[in-house]
Amino acid sequence: MPQTIQAVMLDTVSIQQYIYAASNKIKEIIGASHLVQYIYCKPLQSVIDEMFPKAGETFVLDHWKDNPSALFKQRDRFDVGYIGGGNALLLFKGDDTTNAAQYAEAFIRQWTKNLLIDAPGIITAVAYYATTQNELDTNFQNVKKELDKNLAENRSQHPPQSTIPRHGITAECSRSGLSMDKWNDQVDPTEQNFVSSVTYAKLKGAKQEQDDLEQKYRKQLSGTYIFTDQIDRLGQKHGEDSHVAIVHIDGNDMSGKFNKPASLQEFRIFSRDVEAGTEKAFERLLEHIVDNYGKIMKFLGSDEDSILPIRYIMLGGDDITFVCDGKLGIYFSKLFLEFFEEEHCKRGKKLTACAGIAIVKSKYPFSRGYDMAAELCTSAKKSKKDNDDESASFLDFQISMGGILGDLGTIRSKYFQATQGKLLFRPYRVTKQDQGHKKGRNFDEILLALKPLREEWPNNKIHDLRQVLTLSESASKQFVQEMKFRDRELPKIAGGDYHETLFDKGRTPYFDLIELLEFYPDFVAVQEKGGQSV
């Protein structure tokens, strides 16, 4: 009879709630993101070495990436199936005294107990499934299906208590609203006071994440550049009303792709390659920023000479969330999507992604900004589906000047709907246009139109154009004719006679162009007309 292998899936519940909604402080958000990944590192490894010790040898968590076909080589009763995307698959075997399920339960009991100390506030869920070596090798799809089913059931149950309850005699932490029970030695001595254990863990995690980033990207930083953990130090001009871009990028149709591998080995390879491609795409983005640092800072009008205008919040698997100067969000997103496609193509995979870019005031609540970025990413994915464009990356963006509340759909229907139709032309296709593919709403075409608008149209006429877009059809025609008399023509956009009528089929590209004049670097738009990217 085949030996039973107890498969255990660990999952982190409500990651976005833990990272973004619990605090508006960028340091705590960075620290929370660090802890979400950290719990599958040292806390996991310490329990493995404690339960399954091997003299002079520490368990290597990432060994499955180097040898995807190997199982139970480091330890004869335990192995890691994979780790990634906020979850982990663990495999247990029994022996003469303890069966596989008992080992699994003891492991989970100790690991979750340690998390109360190492990462308070994080909520986890666990799923079990008894399998065999043969099923892992030939029908891993069923193993994952059963684990996902069990996990969905467990996630819907009452969540466990993962923080110390508040008491009437303890003061409330101003950062988290929880009980103040930990002296905060992670800040300047003049600012030290009591905070909750959750806040303390996040601040400590932020400091560790800063050290990890400098080590991880030491080649790209070359001893000159540094990441900031202050949201107002991303290149904005000091003393001015500035914007930041909160960007969320997510791979397209990844759940279906992750369910295709027939064996654990194939799943490991796919998971490893997806993570490596995404990591490499971000490395290339960093290299691009460093190589063009002077141009970028000049465009921003910033006097920074070493702080990078970007900071990632979450990077793992097929998705990334980062924050940067508001004027760079769309630019950096486009570059990342292109690098993402290229890196996965090198690994033999046709993967694409969609980006949502929320450009908001620097002091805007971060959780709301992230929610908007996630909605914009969903909007980009919907556009991809509506256009039957399964092999392309899309992006969508929204620029908030403040004071506008509501979900994305409400904001756009209420504030960006004119007499002649929709003011917004977005979302846009980022992937290079294939031969025979229908034109229209391709981002490169929009960028090409920026140069003549920048060079040939004075600011007062651009202001008039913006105002005319909200008026009647007759006002639009009158404006176009008046500009022609002055030898000034609107840039042509494929897919309609927009330069003649401003609107075509109930949409106009010119409102987007006007916003991009401020929120897309001028040196990039000029060079892309020559078929190059900076």
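Residues numbered from 1 in each chain as written. Predicted model: local features only at pLDDT ≥ 70, side-chain atom pairs only at ≥ 80, totals over all residues. Heavy atoms only, no water.

**Observations regarding the domain arrangement of the chain**
Link 1 in the chain: Split into domains, the chain comes out as domain 1 (4-157), domain 2 (228-403) and domain 3 (448-519).
Link 2 in the chain: With centres defined by C-alpha atoms, the gap from domain 2 to domain 3 works out at 29 Å.
Link 3 in the chain: On the domain 3 side, the residues contacting the 9 residues of domain 2 number 5 residues.
Link 4 in the chain: Taken over both partners, the interface formed by domain 2 and domain 3 buries close to 650 Å², and the fraction arising from carbon and sulfur atoms is 72%.
Link 5 in the chain: When the buried surface of domain 2 facing domain 3 is broken down by residue, Lys327, Phe397 and Ile399 rank first, second and third, together holding 61% of it.
Link 6 in the chain: There are 0 salt bridges connecting domain 2 and domain 3. (Domains from an automatic or database assignment. Contact = heavy atoms within 4.5 Å. Buried area = accessible area lost by both parts, 1.4 Å probe. Salt bridge = Lys/Arg side-chain N within 4 Å of Asp/Glu carboxyl O.)

**Observations regarding helix H3 (residues 42-51)**
Link 1 in the chain: What H3 keeps buried is the set Pro43, Leu44, Val47 and Ile48. All buried residues of H3 project into a common sector of 135° when viewed along the axis, lining one side. Of the exposed residues in H3, the ones pointing more than 90 degrees away from its buried face are Lys42 and Glu50.
Link 2 in the chain: Buried residues belonging to H3 abut strand E1 (5-13), helix H2 (26-38), strand E2 (78-84), strand E3 (87-93) and helix H5 (100-118). (Buried < 20%, exposed > 50% of the residue type's maximum accessible area, 1.4 Å probe, protein only. Helix = DSSP H or I, 4+ residues; strand = E, 2+ residues; numbered from the N terminus. Arc of directions from axis to C-beta.)

**Quick word on the packing of helix H18 (residues 459-468) against helix H21 (residues 510-519)**
Link 1 in the chain: Close contact between H18 and H21 brings their axes to 10 Å; oriented N to C, the two are set at 140°. In this structure, the crossing between H18 and H21 has a hand that is left-handed. Touching Ile462, Leu465 and Arg466 of H18 are Tyr510, Phe511, Ile514, Glu515 and Leu517, all from H21.
Link 2 in the chain: Tallied by class, residues from the contact of H18 with H21 come to 6 nonpolar, no polar and 2 charged. (Axes fitted to C-alpha atoms, helices over the stretch in contact; angles between N-to-C directions. Left-handed = near helix turned anticlockwise from the far one by under 90°. Nonpolar A, V, L, I, M, F, W, Y, C, P; charged D, E, K, R; others polar.)

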